[in-house]
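Close look at the chain arrangement
In case you want the letters, here they are:
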Amino acid sequence: MTAIESPCILVCSIDIKTGYCFGCGRTREEIGAWLTMTPETRRAVMATLPARLDTVERKPRRETRRTRLARERGETTQ
């Protein structure tokens, strides 16, 4: 079985104004349908995520898993 690529960073909270997840930028509908989407559809959604994340009203208060792991390894993040 092959792994399905996902933009999820385990910060699952939806911005009320935009409807996008603070962590990955997907909508609730996209998150729910992710496993049934074709690889092409997932890639198309993923291409839109950076621009979507720029539109969210606030950043989540929780530290993301990626940030925590980098901090624990002593790496710097942006």
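What you are looking at is a predicted structure, and each value in this text was computed from that prediction instead of being measured.

A word on the environment of Ile4. Tracing the backbone through its elements, the reader meets Ile4 in the segment before helix H1 (28-33). Ile4 gets classed as partly exposed once you look at its relative accessible area, which sits at 38%. It is 9.4 Å that separates the C-alpha atoms of Ile4 and Arg42, two residues lying 38 residues apart in sequence. In contact with Ile4, other than residues within four places in its own chain, are Trp34, Leu35 and Arg42.

With that settled, the discussion passes to the side chain of Asp15. Summarising the element assignment, Asp15 is placed in the segment before H1. Residue contacts for Asp15: discarding those within four places in its chain leaves Tyr20, Phe22, Thr55, Val56 and Glu57.

On to helix H2 (residues 39-53). Its 15 residues give H2 an end-to-end C-alpha distance of 21 Å, which sits within 8% of 21 Å, the value for a rise of 1.5 Å per residue. Along H2, the sharpest change in direction is near 25 degrees and occurs at Ala47; proline Pro50 comes one to four residues later. For H2, the complete set of buried residues consists of Arg42, Val45, Leu49 and Arg52. Looking at the buried side of H2, the elements it contacts are H1.

By the definition in use, this model includes 0 aromatic pairs. Stacked on the ring of Trp34, the Lys or Arg Arg26 has its end atom at 4.7 Å from the ring centre.

Of note, Glu30 is situated in helix H1. Classification of Glu30 by relative accessible area gives buried; the value is 13%. Here the side chain of Glu30 touches Thr27 through a polar contact of 2.9 Å, landing on its backbone nitrogen. In contact with Glu30, not counting residues within four places along its chain, are Met37, Val45 and Arg52.

Conventions and cut-offs
- Residues numbered from 1 in each chain as written.
- Predicted model: local features only at pLDDT ≥ 70, side-chain atom pairs only at ≥ 80, totals over all residues.
- Heavy atoms only, no water.
- Helix = DSSP H or I, 4+ residues; strand = E, 2+ residues; numbered from the N terminus.
- Buried < 20%, exposed > 50% of the residue type's maximum accessible area, 1.4 Å probe, protein only.
- Contact = heavy atoms within 4.5 Å.
- Expected span 1.5 Å × (residues − 1).
- Bend = angle between axes of the 7 residues up to and from the residue.
- Phe/Tyr/Trp six-rings, centres within 6.5 Å; stacked < 30°, edge-to-face > 60°.
- Lys NZ or Arg CZ within 6 Å of the ring centre and 35° of its normal.
- Polar contact = N/O pair within 3.5 Å; in protein donor to acceptor, adjacent residues only side chain to side chain.

Any functional reading would require information beyond the geometric quantities listed.
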